[in-house]
Amino acid sequence: EYKSSRSVEQNNFFHAMIRAIAETSGHSVDEIKGYVCQEYLGDVEYTGLDGSKRTRVQSTSELSVEEMSSLIERVRQLANQLDVRMEHIEYG
């Protein structure tokens, strides 16, 4: 079945990976998630209430299943670089 937005399982797995990286690195979950989203997803431009151009970090809730899979793979690579053990994290 086709889903246009990321799945609940993907979201749960992503957050488990973020928690594992945070625990290992000594950073907060919010810091790691913010870093990952800024680094790998970048900014989205929008028009503010006053008509001015503004930017914000793209949210994972806006990602498709395919895009979320790609982000998960990049976070997995980051975890490997940081020697974060993630054998205990299940996906699906």
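Residues numbered from 1 in each chain as written. Predicted model: local features only at pLDDT ≥ 70, side-chain atom pairs only at ≥ 80, totals over all residues. Heavy atoms only, no water.

## Overview of the overall build of the protein
A count of helical and extended segments in the protein gives three helices and two strands. Taken from N to C terminus, the helices and strands of the protein fall in the order α-α-β-β-α. The C-alpha extent of the protein, read off along each of the three principal axes, is 45 × 40 × 15 Å. Taking all 92 residues of the protein together, the buried fraction comes to 36%. A separation threshold of at least 6 residues defines the contact pool for the protein, and within that pool the share at least 24 residues apart is 55%. Here the protein has roughly 6200 Å² of accessible surface; of this, 44% comes from carbon and sulfur atoms. (Helix = DSSP H or I, 4+ residues; strand = E, 2+ residues; numbered from the N terminus. Buried < 20%, exposed > 50% of the residue type's maximum accessible area, 1.4 Å probe, protein only. Contact = heavy atoms within 4.5 Å. Areas by Shrake-Rupley, 256 points an atom, 1.4 Å probe, with all protein chains shown as cover.)

## Re the pairing of strand β1 (residues 43–47)
Two elements, β1 and strand β2 (residues 53–57), share five bridges in a ladder whose sense is antiparallel. For aspartate 43, the partnering residue across the bridge sits in β2 and is valine 57. Counting the residues that bridge the hairpin from β1 to β2 gives five residues, and of these glycine 51 lies at a positive phi of roughly 90°. (Pairing = 2+ DSSP bridges.)

## Let's talk about the nonpolar core
Formed by 23 residues in total, the largest nonpolar core has its most connected members in Phe14, Val36, Leu71 and Val75. Among the secondary structure elements, those contributing two or more residues to this core are α1 (8–25), α2 (29–41) and α3 (65–81). Sort the elements by how many residues they give to this core and α1 lands first, with eight residues. For phenylalanine 14, the contacting residues outside a window of four places in its chain are Lys33, Val36, Thr60, Met68, Leu71, Ile72 and Val75. (Core = buried A, V, L, I, M, F, W, Y, C linked by side-chain atoms within 4.5 Å.)

## Section: the environment of phenylalanine 14
Tracing the backbone shows phenylalanine 14 in helix α1. Between the C-alpha atom of phenylalanine 14 and that of lysine 33, which follows or precedes it by 19 residues, the distance is 9.4 Å.

## A few points about the pattern of salt bridges
This structure, assessed with the given rule, holds three salt bridges. One salt bridge connects arginine 54 with aspartate 50, and the closest N-O pair in it is separated by 3.6 Å. With relative accessibility at 38%, the residue arginine 54 sits in the partly exposed group. Among the residues examined, aspartate 50 registers a relative accessible area of 57% and is labelled exposed. (Salt bridge = Lys/Arg side-chain N within 4 Å of Asp/Glu carboxyl O.)

No statement about biological role is implied by the geometric values presented.
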